[in-house]
2 protein chains.
Amino acid sequence: MLQVKELPDAEVLKKFTKRYPDANIEQVLQFLTFLRVASDLSNSLDQFLGSYDLLQGRWWVLLLLMREDDFSSVPSTLAKQAGVSRATMTGLVNGLQRDGLVSRVTDSHDRRQSRVRVTAKGQSKLDEVMPDYYQRLNKLMSVFDKEQGEHFMTLLLALKSQRHIFE
Amino acid sequence: MLQVKELPDAEVLKKFTKRYPDANIEQVLQFLTFLRVASDLSNSLDQFLGSYDLLQGRWWVLLLLMREDDFSSVPSTLAKQAGVSRATMTGLVNGLQRDGLVSRVTDSHDRRQSRVRVTAKGQSKLDEVMPDYYQRLNKLMSVFDKEQGEHFMTLLLALKSQRHIFE
DNA sequence: TCATTATAGTTAGCTAGCTAACTAATTGCA
DNA sequence: TGCAATTAGTTAGCTAGCTAACTATAATGA
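Within every chain, residues take consecutive numbers counted from 1 along the sequence as written. All chains are assigned letters beginning at A, and all ligands numbers beginning at 1, according to the order in which they are written. Selection of residues for local features in this predicted model requires a pLDDT of at least 70, selection of side-chain atom pairs for listing and counting requires 80 or more, and totals for whole chains, interfaces and linings are taken over all residues. Working from all heavy atoms in the structure, the side-chain values ignore hydrogens and water.

In the annotation of an unreviewed UniProt entry, the entry for chain A reads Transcriptional regulator, MarR family, and the organism field reads Methylophaga thiooxydans DMS010.

Let us look at the overall build of chain A. Along its length, chain A carries 7 helices and 3 strands. Helix and strand assignments follow DSSP, with helices taken as H or I runs no shorter than four residues and strands as E runs no shorter than two, numbered in order from the N terminus. The secondary structure elements of chain A, listed N-terminal to C-terminal, are α-α-α-β-α-α-β-β-α-α. Relative to the globule expectation of 15 Å for 167 residues, the C-alpha radius of gyration of chain A, 21 Å, shows a markedly less compact shape. We call a residue buried when its accessible area falls under 20% of the maximum for its residue type, exposed when it is over 50%, and partly exposed in between, using a 1.4 Å probe and counting protein chains only. A burial count over chain A gives 48% of its 167 residues as buried. Of all intrachain contacts in chain A linking residues separated by at least 6 positions in sequence, the fraction that spans at least 24 positions is 57%. For chain A, the computed accessible surface area is about 8,200 Å², with 49% contributed by carbon and sulfur atoms. Averaged over its 23 positive side-chain charges, chain A has a centre that lies 6 Å from the centre of its 21 negative ones. To get the radius of gyration, use the C-alpha atoms; to get the globule rule, take the number of residues to the power 0.38 and multiply by 2.2 Å. Should any heavy atoms of two residues lie within 4.5 Å, those residues are considered in contact. All accessibility values rest on the Shrake-Rupley procedure with a 1.4 Å probe; residue burial counts only the protein chains present in the view. Positive charges come from Lys and Arg, negative ones from Asp and Glu, while His and the chain ends are left out of the count. By convention, the charge on Lys lies at NZ, on Arg at CZ, on Asp at CG and on Glu at CD.

All right, on to the relation of the copies chain A and chain B then. Residues below a pLDDT of 70 in either copy are left out; the C-alpha atoms of the rest, at least 70 in both, set the least-squares superposition of the copies. Overlay of chain A on chain B (RMSD 0.1 Å): rotation 180°, translation along the axis 0.0 Å. Between the two chains, the operation in question is that of a two-fold axis. Here 100% of the contact residues of chain A are again contact residues in chain B; the copies associate through an equivalent surface.

Counting from both sides, the interface comprises 81 residues of chain A and, opposite them, 81 residues of chain B. When two parts are put together, the accessible area they lose, computed with a 1.4 Å probe and summed over both, is reported as buried area. Between chain A and chain B, a total of about 8,400 Å² is buried, with carbon and sulfur atoms accounting for 69% of that surface. Taken as a group, A:Arg67, A:Tyr134 and A:Phe166 account for 10% of the area that chain A buries against chain B, more than any other trio of residues on that side. Salt bridge criterion: a side-chain nitrogen from Lys or Arg within 4 Å of a carboxyl oxygen from Asp or Glu. Viewed at the interface, chain B and chain A are joined by 6 salt bridges. For B:Arg19, the salt bridge goes to A:Asp127, with nearest N and O atoms at 2.9 Å. Distance and chemistry together define a polar contact, namely a pair of N or O atoms within 3.5 Å, with one atom able to donate a hydrogen and the other to accept it when in protein, and with adjacent residues in sequence counting only for side-chain atoms on both sides. There are 18 residue pairs in polar contact (both at pLDDT 80 or more) connecting chain A and chain B. Listing elements by their share of the side of chain A that touches chain B, those giving two or more residues are helix 1 (10-19), helix 2 (25-50), helix 3 (56-67), helix 4 (75-82), helix 6 (120-141) and helix 7 (146-160) of chain A. Looking at which element gives the most residues to the side of chain A that touches chain B, the answer is helix 2 of chain A, with 19 residues.

Before going further, it helps to examine the protein's contact with DNA strand C. Neighbouring residues are identified by heavy atoms, a residue being near a molecule or strand if any of them is within 4 Å of it. Looking at DNA strand C, there are 23 residues lining it, with A:Leu55, A:Ser85, A:Thr88, B:Pro75 and B:Ser76 nearest. A breakdown of the atoms of DNA strand C within 4 Å of the protein gives sugar and phosphate a share of 67%. In the model, a phosphate oxygen of DNA strand C is placed 3.5 Å from a nitrogen or oxygen of the A:Gly83 main chain. Here a base nitrogen of DNA strand C sits 2.9 Å away from a polar atom, N or O, in the side chain of B:Arg86. Ranked by the residues each element gives to the surface near DNA strand C, the list is headed by helix 5 (residues 86-98) of chain A, at 4 residues. Of the residues belonging to the surface near DNA strand C, the class tally is 7 nonpolar, 8 polar and 8 charged. Residue polarity is assigned by list, with Asp, Glu, Lys and Arg as charged and Ala, Val, Leu, Ile, Met, Phe, Trp, Tyr, Cys and Pro as nonpolar; anything else, Gly included, falls into the polar class.

This part takes up the sheet that holds strand 3 (residues 115-118) of chain A. All names here are of chain A. By this definition, two strands are paired if DSSP reports at least two bridges between them. Across the sheet, which stays open at both edges, the 3 strands sit in the order 1-3-2 with antiparallel pairing between neighbours. Two strands bound the open sheet, and with one partner strand each, they are strand 1 (72-73) and strand 2 (102-105). Pairing between strand 2 and strand 3: 4 bridges, direction antiparallel. Its bridge partner being in strand 3, Arg104 is matched across the sheet by Val116. Sheet strands in contact with helix 3 are strand 1, strand 2 and strand 3, and its direction is about 90° off that of strand 3. To get an axis, a line is fitted to the C-alpha atoms, and for a helix only the part in contact is used. The angle between two axes follows their N-to-C directions and goes from 0 to 180 degrees. The sheet strands contacting helix 5 are strand 2 and strand 3, and the helix crosses strand 2 at an angle near 115°.

Here we come to the protein's contact with DNA strand D. Taken together, 24 residues are adjacent to DNA strand D, and A:Ser76, B:Leu55, B:Ser85, B:Thr88 and B:Arg112 come closest. Backbone atoms, meaning sugar and phosphate, form 68% of the atoms of DNA strand D found within 4 Å of the protein. One nitrogen or oxygen atom from the side chain of A:Thr90 is found 3.0 Å from a phosphate oxygen belonging to DNA strand D. Between A:Ser114 and DNA strand D, the recorded distance is 3.1 Å, taken from a backbone N or O atom to a phosphate oxygen. Elements with a contribution of two residues or more to the surface near DNA strand D: helix 4 and helix 5 of chain A together with helix 3 (56-67) and helix 5 (86-98) of chain B. When residues of the surface near DNA strand D are assigned to their parent elements, the largest contribution, 4 residues, is made by helix 5 of chain B.

The structure is reproduced here in structure tokens:
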């Protein structure tokens, strides 16, 4: 993820505008600020999760498993839900298994599949993390009042609808 | 970067709210949507840059070098500006050098330092990419009118000011 | 002066993403 | 029925981050 600390200043932008006349300074700053704030927050979240020996990838796998009634799922489904490749999911599950947070169960009618289940240790890990997470999230998002929060969502969804433009 | 495809639906959120009473559904959705739209756009940008054999890391190094009057800088400065470690910068410069987009110049009074300079090939690479980039960025950000764009920035900066909460 | 401290760059080894290629198992259809 | 196509999971090898440790050089201060 983009992580530029020094956004271009006025002088630099002027230089670039000269070389590349299509540049629109406001738009560039809005876009870069958007990516930058998001990556800063994402890194902060990782730092927070790191204090519980988790990172976003592993944390999400645990959360996806907790959604299920029997606290278990299959890797390919998890991969789709998490938006990562099956290969990546193999790695995430390996790490979680090594730490004792999930277990692999081969009990299945389809012998290509394996099931992944959150262990008791995995559940108590989440029970430690989540209250702290929700309290911090509450503080964070309280910078917006109700109207601002809704407007923020509207703007985000408008931007999202245009993501094909870079493809 | 967080990349969850399936944001929690109402039923799942209800289940979580039961287990973790501090959860505030609107806030969770706003936060996750924010990270998700940003990571989608970041991935789209990478796809776009990939069509020019670049990725964000390398692209930013080239841009940082183009800011300089003599098109050159030193790795440690580049690392600070790009917000990556010196080790990561070594790797980025290696890749760029292998592709002939930058060169390393050891000409220096401080023999610990080396200078990195954009080559003519690197400059023409950017001259290919940037007009296309600015045109697409223009289309993307045109979903916002002037007022919306300014409001978006205000909201982003408010959120940014709270990033310490997860640390 | 010269020993300590700080800085620059690299290397090694980690996480976490990717694609492509592989094995095993299942499904589907001629 | 049996072969082809599909699916599930893993592995190998890539990019791009990180920290920690290392070498070389420069700066500092007793």
